[in-house]
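# Structural characterization, general
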Amino acid sequence: MASAAASNAAHSVKAAVVGFIGLGNMGACMAANVLRHNYPLAVFDRNEAAMDSLVQQGAQPADSPADLATKVDVIITMLPTPAIVLDVYTGPSGVLTATTTTRSPPSSSATPTPQSPPSAAPPLPSSSSIRPHLLIDASTVDPATCHAIAAAAQACAVAPSALHSLHGPPLVVDAPVSGGVGGAKAGTLTFMVGGTSEAFSQAAPLLAAMGSRSVHCGPTGSGAAAKLCNNLALAIQMASVSEALALGQRLGLSPALLSAIFNSSSAKCWSSEVYNPAPGVMAGVPSARHYQGGFSNALMSKDLGLAVAAARAAGAPVPLGENVMGMYSDMVSKGAAGDDFSSIYKHSYGGEPVEV
């Protein structure tokens, strides 16, 4: 029975027109993978150049989130802040405002009255509905934002369609990702998903077009909570690797030599082996291109702020997280907001490139 449901979900989503909102470093790569898996795609971004790039690959442009919502059956969003996510879904031109009015069929029990002769149909009740039956937010936001979007969606009804059997509100999942721009390009992202089992089942085939793993973390907001914990650990890890490499450099050790030691010993981790922060140690990572084209300090600072705020609300101590949050905030305030988050090696620790 479960496999039949999964098969039906896969067929439903595969036949759907997909909409993608947010075409930054991550979103553009994810949207391109949706196209590569032969989904019809419509896109919206405030940056027209980013939108044009996807249009040249075969996507249809939209004028606003609301306009996009009239063209598609599934919406994916990949946006930088909770405020923007809320505006895209619930703002004046948001996805959930793109309603169409449908008229209910007349009741067979209706009878004519003196005020309503047989030739005149009685007024029909009307209701508003939206076309998208599945909303996937892949942004990194706080759980409260996820709950707000889910609550707003509950006030909407999905228009009838051959693609689904829903008779109520659209399905909603929070599905933030891990894997960086490289994972987005390669289609190897990990999705941390919050929502109902039905929503996860419906979203899974489309997530598989953009990633290699999807984990159902629990109800609404659980995916966002998992992502905040992940990025808290990642920022601390990157800071610790950068701190050790910069210290080693001052003690006369090459960051390349020290990284090789880390990667064959107990200090081995993603930040040293896959995304090394010291320029000259690895090719194909932001540190090899002046810390450009990765995950910005501004976004990491934002994510750490969300994680620390969630920790305070939960009464959880995060002393390392608070210290690293301060370091990233400092980099942003000093003009390094657009540099990749691995630039903490340079900006906070004064680390130098590897001498060739």
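The structure reproduced in this document is the subject of the present report. (Residues numbered from 1 in each chain as written. Predicted model: local features only at pLDDT ≥ 70, side-chain atom pairs only at ≥ 80, totals over all residues. Heavy atoms only, no water.)

Turning to the overall build of the protein chain, a few remarks are in order. The helix and strand tally for the protein chain stands at 14 helices and 11 strands. For the protein chain, the proportion of its 356 residues judged to be buried stands at 46%. Partitioning the intrachain contacts of the protein chain with sequence separation of at least 6 by distance along the chain shows that 65% fall at a separation of at least 24. Summed over its atoms, the accessible surface of the protein chain is roughly 16300 Å², and 58% of this surface lies on carbon and sulfur atoms. (Helix = DSSP H or I, 4+ residues; strand = E, 2+ residues; numbered from the N terminus. Buried < 20%, exposed > 50% of the residue type's maximum accessible area, 1.4 Å probe, protein only. Contact = heavy atoms within 4.5 Å. Areas by Shrake-Rupley, 256 points an atom, 1.4 Å probe, with all protein chains shown as cover.)

Let us now look at the nonpolar core. Of all hydrophobic cores here, the largest spans 66 residues; its most connected members are Phe20, Met30, Leu41, Ile75, Val95, Ile136 and Phe191. It is helix 2 (residues 25–36) that provides the largest number of residues to this core, a total of 6 residues. What Ile136 contacts, discounting residues up to four positions off in sequence, is Val74, Ile75, Ile76, Thr77, Tyr89, Val173, Ala175, Ala203, Leu206 and Leu207. Counting 31 residues, the second largest nonpolar core, distinct from the first, contains Ala246, Ala307, Phe341 and Tyr345. (Core = buried A, V, L, I, M, F, W, Y, C linked by side-chain atoms within 4.5 Å.)

Now for helix 12 (residues 297–314). Taking 1.5 Å per residue as the helical rise, helix 12 with its 18 residues ought to reach 26 Å, and the 25 Å between its terminal C-alpha atoms agrees with that figure. Among the residues of helix 12, those classed as buried are Asn297, Met300, Ser301, Lys302, Asp303, Leu304, Leu306, Ala307, Val308 and Ala311. Those residues of helix 12 that are buried lie in contact with helix 5 (82–90), helix 9 (222–250), helix 13 (319–336) and helix 14 (344–347). Gly315 lies just past helix 12 and shows a positive phi near 70°. (Expected span 1.5 Å × (residues − 1).)

This part takes up the packing of aromatic side chains. This model, assessed by the stated rule, comprises 3 aromatic pairs. Here the aromatic rings of Tyr275 and Phe341 are separated by 5.6 Å at their centres, their planes lie at 25°, and the arrangement is stacked. One end of the pair, Tyr275, is in the loop between helix 11 (270–273) and helix 12; the other, Phe341, is in the loop between helix 13 and helix 14, with 66 residues separating them in the sequence. For Tyr275, a relative accessible area of 13% corresponds to the buried category. A relative accessible area of 2% means that Phe341 is categorised as buried. For the ring pair Phe295 and Phe341, a centre distance of 6.0 Å and an interplane angle of 80° mean the geometry is edge-to-face. In this pair, Phe295 sits in the loop between helix 11 and helix 12 while Phe341 sits in the loop between helix 13 and helix 14, placing the two residues 46 residues apart along the sequence. Linked through ring pairs, Trp270, Tyr275, Phe295 and Phe341 together constitute an aromatic cluster. (Phe/Tyr/Trp six-rings, centres within 6.5 Å; stacked < 30°, edge-to-face > 60°.)

Despite not being glycine, His290 has its phi angle at roughly 60°, a positive value. On the secondary structure map, His290 appears in the loop between helix 11 and helix 12. Of note in this structure, Tyr291 is not a glycine but carries a positive phi near 60°. As for its placement among the helices and strands, Tyr291 is situated in the loop between helix 11 and helix 12. By relative accessible area, Tyr291 is classed as buried at 4%.

Here we take up the packing of helix 12 against helix 13. One way to put it is that helix 12 packs onto helix 13 with a least axis distance of 9 Å and a crossing angle of 145°. Regarding helix 12 and helix 13, the two cross each other, and that crossing is left-handed. Along the contact surface, helix 12 presents Asn297, Ala298, Met300, Ser301, Leu304, Gly305, Val308 and Arg312, while helix 13 presents Gly321, Glu322, Val324, Met325, Tyr328, Ser329, Met331, Val332 and Ala336. For the contact of helix 12 with helix 13, the residue count by class is 10 nonpolar, 5 polar and 2 charged. (Axes fitted to C-alpha atoms, helices over the stretch in contact; angles between N-to-C directions. Left-handed = near helix turned anticlockwise from the far one by under 90°. Nonpolar A, V, L, I, M, F, W, Y, C, P; charged D, E, K, R; others polar.)

Axis separation between helix 9 and helix 10 (residues 255–262) bottoms out at 9 Å; the angle between their running directions is 130°. Of the possible angle classes, the one that applies to helix 9 and helix 10 is oblique. Here helix 9 runs over helix 10; the crossing is right-handed. Residue-level inspection shows Ala244, Leu245, Gly248 and Gln249 of helix 9 in contact with helix 10, the latter providing Pro255, Leu258, Ser259 and Phe262. A class-by-class count of the residues in the contact of helix 9 with helix 10 yields 5 nonpolar, 3 polar and no charged. (Parallel < 35°, antiparallel > 145°, perpendicular 65-115°, else oblique.)

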